[in-house]
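What follows is each chain in one-letter form.
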Amino acid sequence: MKITVVGGGNVGLVSACCLADHGHQVALVEKDHVRLSALKRGRPPFYEPGLEDMLGKVLSDKTLVVTNELANTLPKSGITFVCVGTPSMRDGSQNLSQLSRAAKEIGGCLSAVKDFHIVVVRSSVLPGTAEGIVRRSLEKASGKVAGVDFGLAMQPEFLREGSAIYDSLNPERVIIGEFDKRSGDALEALYQAFYNGKAPIIRLPTSSAELVKYASNAFLATKISFINEIANLCEDISRADVAKIAECMGLDSRIGPKYLNAGLGFGGSCLRKDASALLDYSNRKGRPLNLVKEVLRVNDGRIRHLLKMLRHQLGNLRGKRIAILGLSFKPGTDDIREAPAIKLIRELLKLKAVIVAYDPAAISSARAELGDSIKYAGSASECIEKADCCVVATEWPEFKRLKPEDFLARMKRPIVIDGRRVYDHEQEAFSRKLRYVAIGLNL
Ligand code: UGA
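Residues numbered from 1 in each chain as written. Predicted model: local features only at pLDDT ≥ 70, side-chain atom pairs only at ≥ 80, totals over all residues. Heavy atoms only, no water.

Visitor: Would you mind going over the overall build of the chain with me for this structure?
Guide: When its secondary structure is counted, the chain shows 17 helices and 14 strands. The globule rule puts the C-alpha radius of gyration for 443 residues at 22 Å, and the 24 Å found for the chain is close to it. C-alpha extents for the chain along the principal axes are approximately 75 × 45 × 40 Å. For the chain, with 443 residues in total, the buried portion stands at 55%. The long-range fraction of contacts in the chain, counting pairs at least 24 apart against all pairs at least 6 apart in sequence, stands at 72%. (Helix = DSSP H or I, 4+ residues; strand = E, 2+ residues; numbered from the N terminus. Rg over C-alpha atoms; globule rule 2.2 N^0.38 Å. Buried < 20%, exposed > 50% of the residue type's maximum accessible area, 1.4 Å probe, protein only. Contact = heavy atoms within 4.5 Å.)

Visitor: Got a minute to help me understand the sheet that holds strand S10 (residues 354-358) in this structure?
Guide: Paired through backbone hydrogen bonds, the strands of a sheet run either parallel or antiparallel to each other. With parallel pairing, six strands are arranged side by side in an open sheet as S11-S10-S9-S12-S13-S14. Edge positions in the sheet fall to strand S11 (375-376) and strand S14 (435-438), since each has one partner strand and no second. With two bridges joining them, S10 and S11 adopt parallel strand pairing. Counted as the bridge partner of Val-356 is Lys-375 from S11. The sheet contacts of helix H12 (residues 290-314) involve strand S9 (321-325), strand S12 (389-392), strand S13 (415-418) and S14, and relative to S13 the element is tilted by about 165 degrees. (Pairing = 2+ DSSP bridges. Axes fitted to C-alpha atoms, helices over the stretch in contact; angles between N-to-C directions.)

Visitor: Can you help me understand the environment of Glu-131 in this one?
Guide: Mapped onto the elements, Glu-131 comes out in helix H6 (residues 130-142). Each C-alpha atom of the pair Glu-131 and Thr-206 lies 7.3 Å from the other, and the pair is 75 residues apart in sequence. Glu-131 has contacts with Leu-152, Phe-179 and Thr-206, leaving out every residue within four places of it along the chain. Within the structure, the side chain of Glu-131 is placed 2.6 Å from the side chain of Thr-206, a separation counted as a polar contact. (Polar contact = N/O pair within 3.5 Å; in protein donor to acceptor, adjacent residues only side chain to side chain.)

Visitor: Even after reading the chapter, I still don't get the site of the ligand, so can you show me in this structure?
Guide: Near the ligand lie 21 residues; those nearest to it are Glu-161, Lys-213, Asn-217, Tyr-259 and Lys-330. Separating an oxygen atom of the ligand from a side-chain N or O atom of Glu-157 is a distance of 3.1 Å. In the complex, the protein chains occlude 92% of the 720 Å² of accessible area that the ligand would expose alone. Here the shell around the ligand takes four residues from helix H9 (residues 206-234), the largest share from any one element. Across the shell around the ligand, the residue classes tally to ten nonpolar, four polar and seven charged. (Near = heavy atom within 4 Å. Areas by Shrake-Rupley, 256 points an atom, 1.4 Å probe, with all protein chains shown as cover. Nonpolar A, V, L, I, M, F, W, Y, C, P; charged D, E, K, R; others polar.)

Visitor: Please explain unusual backbone geometry as it appears in this structure.
Guide: Across the chain, the bulk of peptide bonds are trans and the bulk of non-glycine residues have phi less than zero. A positive phi angle is found at Lys-62, which is not glycine, with a value near 65 degrees. For Lys-386, which is not a glycine, the phi torsion comes out positive at approximately 60 degrees. If you trace the backbone, Lys-386 turns up in the loop between helix H15 (380-383) and S12.

Visitor: Just checking my understanding: could you explain the nonpolar core for this structure?
Guide: Judged by nonpolar contacts, the single largest core of 67 residues is most densely connected at Leu-310, Ile-322, Ile-324, Leu-325, Leu-348, Phe-407 and Tyr-423. Among the elements that line this core, the one with the most residues is H12, at six residues. Excluding anything up to four places from it in sequence, Leu-325 contacts Tyr-358, Ala-380, Cys-383, Cys-390, Val-391, Val-392, Ala-393, Thr-394, Phe-399, Leu-402 and Tyr-423. Of all hydrophobic cores here, the second largest spans 40 residues; its members include Val-11, Ala-20, Val-26 and Phe-194. (Core = buried A, V, L, I, M, F, W, Y, C linked by side-chain atoms within 4.5 Å.)

Visitor: Teacher, can you tell me more about the pairing of strand S2 (residues 25-29) here?
Guide: When a strand is regular, its side chains alternate between the sheet's two faces. Within S2, four of the five residues are buried, leaving the element largely enclosed by the surrounding structure. In terms of handedness, the path from strand S1 (residues 2-6) via helix H1 (residues 10-21) over to S2 forms a crossover that is right-handed. Taken together, the four bridges between S2 and strand S3 (residues 64-67) define a ladder with parallel strand orientation. Residue pairing across strands places Ala-27 opposite Val-65, the latter belonging to S3. (Right-handed = clockwise from strand over helix to strand, strands pointing away.)

Visitor: Is there a simple way to think about the packing of aromatic side chains in this case?
Guide: Each aromatic ring pair is described using two quantities: the centre-to-centre distance and the angle formed by the ring planes. One pass over the full model with this rule turns up four aromatic pairs. Residues Tyr-191 and Tyr-195 carry aromatic rings whose centres are separated by 6.0 Å and whose planes lie at 15 degrees to one another, so their mutual orientation is stacked. In this pair, Tyr-191 and Tyr-195 are both assigned in helix H8 (residues 181-195), four residues apart and thus about one turn of the helix distant. The residues Tyr-191 and Tyr-195 share a single accessibility class, namely buried. Here the aromatic rings of Phe-194 and Tyr-195 are separated by 4.7 Å at their centres, their planes lie at 75 degrees, and the arrangement is edge-to-face. Across this residue pair, the class does not change: Phe-194 and Tyr-195 are buried. Residue placement shows Arg-173 over the ring face of Phe-158; its charged tip is 3.6 Å from the ring centre. (Phe/Tyr/Trp six-rings, centres within 6.5 Å; stacked < 30°, edge-to-face > 60°. Lys NZ or Arg CZ within 6 Å of the ring centre and 35° of its normal.)

Here you go:
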């Protein structure tokens, strides 16, 4: 099938590569010049495991072409996936300007298309957007009628950064929001063939499909904030350990073990953005989601909580050398958007602490954000050198290689605050030789 994908961000690029790798003829339309030329050279503009290889392969197979010319590509394809960004405004609401622009341009191209072309919104948008602003723009710019002259659908994505290709190839569900049955039928056929019948496909009205995405991300955020509140409680209960509580809770299949890792809270470009947008939407609807409001408030309190732990260990933080292990919002990515480590560093700098940080992938993104206000180490062991305290802010697997002896030998004071529960405190050396303090743990 000939497919157009608009927007070379995470969702657009990963989806385009996976579809092309499956033998579809895909055109990826990207307007940003820098991004476009990187993509043409086979360089993904962000780090995603396996993506560079896949991009190289589909470009050399010529099943993927990267272009900035929608008008040349859309009429040759039968379906267009719209994967542009929908960033947050200051008040938490969504900025739909990229989506409006894309819909207008797609509409303009549709006017010359004779066949039934299907437009699928893949950007995360709140209920009513696909059939509202997108449909209106498409109809106005094309002079055609949605559901009659062209098809309209919305398909939320559930890709996680760092495992986006895996998630794209092994979805736990494919949600098709259809405005018209013909589009729903075509998408169902596309995905039945793509996943060989192995992924559950659920067809819904577009508004429900739109809400599935927000409800899912808000619920994941809720699980994380819930366990973080339990972690706070554990810290005040003799010999309590939130990791054990979570493990036991997770064995109940009604609860499940995932998203119960207590820590410095959720970061990244999605959970906060989507929970805030849902909250803003619910307020406007007059049905405020108070639970989601609390989830965000609890998450905002994680950095304050860690600062309290640091002060408890070090007293005044002015001039104290603090080693921060991990800068990205989670392991497996160089993305520092909403990263707890960055928020923590900003607060520590206000308190005049001296920061040395290390991350296996995110140093250059952090440098772009923090410049020379902190020192950057070339390895985890260099990072902890002469430090008054070490904070683990992201659970990169390589941090596990640091042994109690390493902290003892290298640090000025062997104090470790494990913000992500990376180390096994049951190893005697951790509790005996070091001052080991961890989120949700009362030794
Ligand atoms: C999230 C969702 O998991 C995806 O399904 C969704 O498609 C994506 O947002 C999106 O809307 O585009 P992602 O932002 O890549 O994916 O990150 P997650 O892996 O969900 O992690 C989010 C944050 O929660 C990270 O900072 C992570 O450290 C934190 N987290 C996660 C915890 O603190 N505890 C946990 O138990 C799990």
